[in-house]
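An overview of the molecular structure
The residues making up each chain are set out below.
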There are 2 protein chains.
Amino acid sequence: MYKTGKPYIKKILELIKNTHTQKLRPPASSDGIGTKGFYHWQHKSFRNAVLDSLAMNLNDMAVLRARIYFLQNHIILPLDDERAILKIVENLVKECKKREIQIIAGETSIHDDFAGLEISIAVQGAYENHKGNKFQIGDSLIGIRSSGLHSNGFTKVREVFGNEFRLEFIEPTLIYYDKVLELNSKFDIHGMEHITGGAFARLKKFLNESDIEIDNPLKPHEIFYELYSKEVSDEEMYTTFNCGTGFVLSVSSDDSASIVSDLNNNRFFAGIIGRVVEGEGKVKIKSAFSNELVVL
Amino acid sequence: MYKTGKPYIKKILELIKNTHTQKLRPPASSDGIGTKGFYHWQHKSFRNAVLDSLAMNLNDMAVLRARIYFLQNHIILPLDDERAILKIVENLVKECKKREIQIIAGETSIHDDFAGLEISIAVQGAYENHKGNKFQIGDSLIGIRSSGLHSNGFTKVREVFGNEFRLEFIEPTLIYYDKVLELNSKFDIHGMEHITGGAFARLKKFLNESDIEIDNPLKPHEIFYELYSKEVSDEEMYTTFNCGTGFVLSVSSDDSASIVSDLNNNRFFAGIIGRVVEGEGKVKIKSAFSNELVVL
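What you are looking at is a predicted structure, and each value in this text was computed from that prediction instead of being measured.

1. Digging into the overall build of chain A
Of regular secondary structure, chain A possesses nine helices and eleven strands. Its C-alpha atoms give chain A a radius of gyration of 19 Å, near enough to 19 Å, the size a compact globule of 296 residues would have. Seen through its C-alpha atoms, chain A measures out along the principal axes to roughly 55 × 50 × 40 Å. Counting every position in chain A, which comprises 296 residues, the buried fraction comes to 61%. A total of about 11700 Å² of accessible surface is found on chain A, and carbon and sulfur atoms cover 48% of it. Placing the 36 positive and 40 negative side-chain charges of chain A at their respective mean positions leaves the two points 3 Å apart.

2. Brief notes about the interface of chain B and chain A
Counting residues at the interface gives 65 residues for chain B, matched by 65 residues for chain A. Here chain B and chain A share an interface that buries about 5600 Å² over both sides, 57% of which is from carbon and sulfur atoms. Broken down residue by residue, the surface that chain B buries against chain A is led by Tyr8, Gln102 and Asp113 of chain B, which jointly contribute 12%. Taken together, the links from chain B to chain A amount to six salt bridges. The closest approach of N and O atoms between arginine 158 of chain B and aspartate 112 of chain A, which form a salt bridge, is 3.2 Å.

3. Regarding the confidence of the model for chain A
Taken residue by residue, chain A gives an average pLDDT of 95. The fraction at 70 or more is 98%. Scored as a whole, the predicted complex attains pTM 0.93, and scored at its interfaces, ipTM 0.92.

4. Some details on the packing of helix α3 (residues 46-63) of chain B against helix α4 (residues 82-98) of chain B
Two quantities define a packed helix pair, namely the angle between the helix axes and the distance between the axes. Residues and elements named next belong to chain B. Relative to each other, α3 and α4 sit at 45°, their axes nearing to 9 Å. Accordingly, the angle class assigned to the pair α3 and α4 is oblique. As α3 runs across α4, the sense of the crossing is right-handed. Listed contacts from α4 to Phe46, Arg47, Val50, Leu51 and Leu54 of α3 are Ala84, Lys87, Ile88, Asn91, Leu92, Lys94 and Glu95. Taken together, the residues of the contact of α3 with α4 sort by class into seven nonpolar, one polar and four charged.

5. Overview of the relation of the copies chain B and chain A
At an RMSD of 0.0 Å, chain B and chain A line up after a rotation of 180° and a shift of 0.0 Å along the axis. Taken together, the turn and the small shift mark the pair as related by a two-fold rotation axis. Proximity to the rotation axis, assessed at the C-alpha, singles out phenylalanine 114 of chain B in chain B; its C-alpha lies 2.2 Å from the axis. The residues that chain B uses at the interface reappear at the interface of chain A in 100% of cases, marking a shared surface.

6. Let's talk about the sheet that holds strand β3 (residues 102-110) of chain B
Residues and elements named next belong to chain B. Taken in spatial order, the four strands of this open sheet run β1-β4-β2-β3, and their pairing is mixed. The strands lining the two open edges of the sheet, one partner per strand, are β1 (28-31) and β3. Put simply, the sheet's adjacent strands are angled 15° from each other on average, direction ignored. Relative to β3, strand β2 (residues 66-77) runs parallel, the two being bridged by eight bridges. Along β3, the bridge assignment pairs phenylalanine 70 with glutamine 102.

7. Comments concerning the packing of aromatic side chains
Overall, the coordinates contain 33 aromatic pairs over all chains when judged by the stated rule. An aromatic cluster is built from Phe38, Tyr39, Phe154, Phe161, Phe165 and Phe169 of chain A, whose rings are joined through pairwise contacts. Above the ring of tryptophan 41 of chain B, the side-chain terminus of lysine 44 of chain B is found at 5.9 Å from the ring centroid.

8. Some remarks on the pairing of strand β6 (residues 189-194) of chain A
All names here are of chain A. The buried fraction of β6 is high, at six of six residues. In the sheet, β6 pairs with strand β8 (residues 245-251) via five bridges, with the strands oriented antiparallel. Considered in β8, the bridge of glutamate 193 is made with valine 248.

9. A short note on the pattern of salt bridges
Applying the stated criterion across every chain, the model contains 48 salt bridges over all chains. A salt bridge links lysine 156 of chain A to glutamate 159 of chain A, with the nearest nitrogen and oxygen atoms 3.1 Å apart. Taken together, the positions of lysine 156 of chain A and glutamate 159 of chain A, both in helix α5 (residues 154-161) and three residues apart, correspond to about one turn of that helix. For lysine 156 of chain A, a relative accessible area of 13% corresponds to the buried category. For aspartate 52 of chain B, the salt bridge goes to lysine 36 of chain B, with nearest N and O atoms at 3.0 Å. Remark: lysine 36 of chain B occurs in the loop between β1 and α2 (37-43) and aspartate 52 of chain B occurs in helix α3; sequence separation between them is 16 residues. Both residues of the pair, aspartate 52 of chain B and lysine 36 of chain B, belong to the buried class. Put simply, Arg47, Glu95, Lys98, Arg99 and Asp178 of chain A are held in one network by salt bridges that share partners.

10. Some words on the sheet that holds strand β10 (residues 283-286) of chain B
Residues and elements named next belong to chain B. Strand order in the open sheet formed by seven strands is β6-β8-β5-β9-β7-β10-β11, and the pairing between neighbours is mixed. For this open sheet the edge positions go to β6 (189-194) and β11 (293-295), each flanked by a neighbour on one side alone. When strand polarity is set aside, the average angle formed by the axes of neighbouring strands in this sheet is 25°. As defined by bridge partners, strand β5 (residues 140-145) adjoins strand β8 (residues 245-251) across six bridges and the pair is classed as antiparallel. Its bridge partner lying in β8, arginine 145 is registered against threonine 245. Those strands touched by helix α6 (residues 177-186) are β6 and β8, and its axis lies near 170° from that of β6. Contacts between helix α9 (residues 253-264) and the sheet are confined to β5, β6, β8 and β9 (270-278), with β5 contributing the most and set at about 10° to the helix.

11. Considerations on helix α1 (residues 9-17) of chain B
When α1 of chain B is considered as a whole, its buried residues turn out to be Ile9, Ile12, Leu15 and Ile16 of chain B. Considered in projection along α1 of chain B, the buried side chains sweep an arc of 125° and stay on one side of the axis. Opposite the buried face of α1 of chain B, by more than 90 degrees, sit the exposed residues Lys10, Glu14 and Lys17 of chain B. Contacts from the buried residues of α1 of chain B go to α4 (82-98) and β3 (102-110) of chain A.

12. Points about the packing of helix α1 (residues 9-17) of chain A against α4 of chain B
Contact pair α1 of chain A / α4 of chain B: the axes reach a minimum separation of 9 Å and the direction vectors enclose 10°. When the axes of α1 of chain A and α4 of chain B are compared, the pair comes out roughly parallel. The residues of α4 of chain B that touch α1 of chain A, namely those facing Lys11, Ile12, Leu15 and Ile16 of chain A, are Glu82, Ile85, Leu86, Val89, Glu90 and Val93 of chain B. Of the residues that constitute the contact of α1 of chain A with α4 of chain B, the class distribution is seven nonpolar, no polar and three charged.

13. A word on the environment of leucine 207 of chain A
Residue and element names in this part refer to chain A. With respect to the helices and strands, the residue leucine 207 is situated in the loop between β6 and β7 (210-214). Owing to a relative accessible area of 11%, leucine 207 belongs among the buried residues under this scheme. In the structure, leucine 207 is positioned 74 residues away from glycine 281 in sequence and 4.9 Å away in space, judged by C-alpha atoms. Setting aside anything within four residues of it in sequence, one finds leucine 207 in contact with Phe135, Ile212, Gly281, Lys282 and Val283.

Definitions and cut-offs
- Residues numbered from 1 in each chain as written.
- Chains lettered and ligands numbered in written order.
- Predicted model: local features only at pLDDT ≥ 70, side-chain atom pairs only at ≥ 80, totals over all residues.
- Heavy atoms only, no water.
- Helix = DSSP H or I, 4+ residues; strand = E, 2+ residues; numbered from the N terminus.
- Rg over C-alpha atoms; globule rule 2.2 N^0.38 Å.
- Buried < 20%, exposed > 50% of the residue type's maximum accessible area, 1.4 Å probe, protein only.
- Areas by Shrake-Rupley, 256 points an atom, 1.4 Å probe, with all protein chains shown as cover.
- Lys, Arg positive; Asp, Glu negative; His and termini not counted.
- Charge placed at Lys NZ, Arg CZ, Asp CG, Glu CD.
- Contact = heavy atoms within 4.5 Å.
- Buried area = accessible area lost by both parts, 1.4 Å probe.
- Salt bridge = Lys/Arg side-chain N within 4 Å of Asp/Glu carboxyl O.
- pLDDT = per-residue confidence, 0-100.
- Axes fitted to C-alpha atoms, helices over the stretch in contact; angles between N-to-C directions.
- Parallel < 35°, antiparallel > 145°, perpendicular 65-115°, else oblique.
- Left-handed = near helix turned anticlockwise from the far one by under 90°.
- Nonpolar A, V, L, I, M, F, W, Y, C, P; charged D, E, K, R; others polar.
- Least-squares fit on C-alpha atoms with pLDDT ≥ 70 in both.
- Pairing = 2+ DSSP bridges.
- Phe/Tyr/Trp six-rings, centres within 6.5 Å; stacked < 30°, edge-to-face > 60°.
- Lys NZ or Arg CZ within 6 Å of the ring centre and 35° of its normal.
- Arc of directions from axis to C-beta.

So, in structure tokens, the structure goes:
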């Protein structure tokens, strides 16, 4: 999905548009586990690595309101380790089978100049409904709790922690895909976003003459407080990490209570974290770390 | 395409079959540039890297007699180098546009624990005709010349050459896709194979009660003689490297002259290298290096 949030991203998207000669293209996502793969390789947490690589793609497809039919994978690792490769494929097959996703191609490459692990995944599917994401003025914002760091911000994690290791570094990303597609069929979800690379700054693209006010953010996990204590600013926290909220839904305030209780009754933890108001395209967050206002 | 040729490949294929719950699946390929990416990164040969990653997928799709409609990419590199990334995307777009392949998703990941470059590509398409690959007794074998090492055997190349560099290491893989699909529509091509990982041993899977005899192999490039001179055996040469032949066609001897001249009139170099005879599943090659018989 070209999610790096880098300045050259616009140039990439314009270049790619040149190949769009047909009107119809299936919804698709390409992503992997990035720098987090270093910890998964060190600690042989291969099942978690698979969940991370799937989550990054599945959650993005949920945002597109698309169901996945086909998956291709490319496993990149530093050693020809049969046990690791089979463990990865077994877990990938298990997760795909339960969602009726067919694996149609794959490759394994040994890169002896690599110290980590990458599981690059490409998925394709079809839209369940193609109504786009509209964060409407007056909407309530529901935050769905993350499982921790998920799979982004790891360059910063390594910068802060150096060679130190925390179990939280290999905790897998939560998969919201199945539950979000279900909610999408039961309720009128106006807008939604996966809080990953770029974190809460990702919400800005949905705003026009509106602002997002988050005055009741979900409580961050301990690891986020630890990062914050190591001289990472409020703004950097909310633009680098999910800070406890992995997925956001924008819904009519009439529906918000039913959706929150549906989530909480189904092993997710969710709460109303804020609202969409008239404004000029800003995301305003009352930091859970300092209670200070962060404006993105 | 799971082309590693490793002992666990059968296990992977069996596992993946568990996800095949629907009858129809589109032809697809996933592949990248592997260890060769180290040289491309060192020498900033980004256009060649793109050609390599495309060739690996396009040539495999040609073997499936499938036309590609959609492409997803994942660029993995050690530094957030905007110039490199844009150069890669520009060349990818150029090559896709000319073949009407739509790029539907992509990702760029910076892995600071990586010393090379990987361009992981996933393609999908549709069969032009789905007749399978049959190397029939009595067929002539046409060899189409490679541009050199192509993108496999680089683990061996690095073992042999250590830190030495040769310009041949960054020469891009030849793309046979366009020409092979055209030949496939004009002639009755019984069988074909892309000579990549596993090299000539790849031909064994097409043989049942037949053998392949290659008694007139194309002349290897200088770099192959150099590898051979550094104590790589005839057998290892022909099971690791293309040794000058990047693609093989198995055709009726009546058609062989027309196909060879069609290729030679269109900037490919091709010749009749051997034939399919009655036998027991062996590939027999008269080594271009020693004139000795190699039996695979």
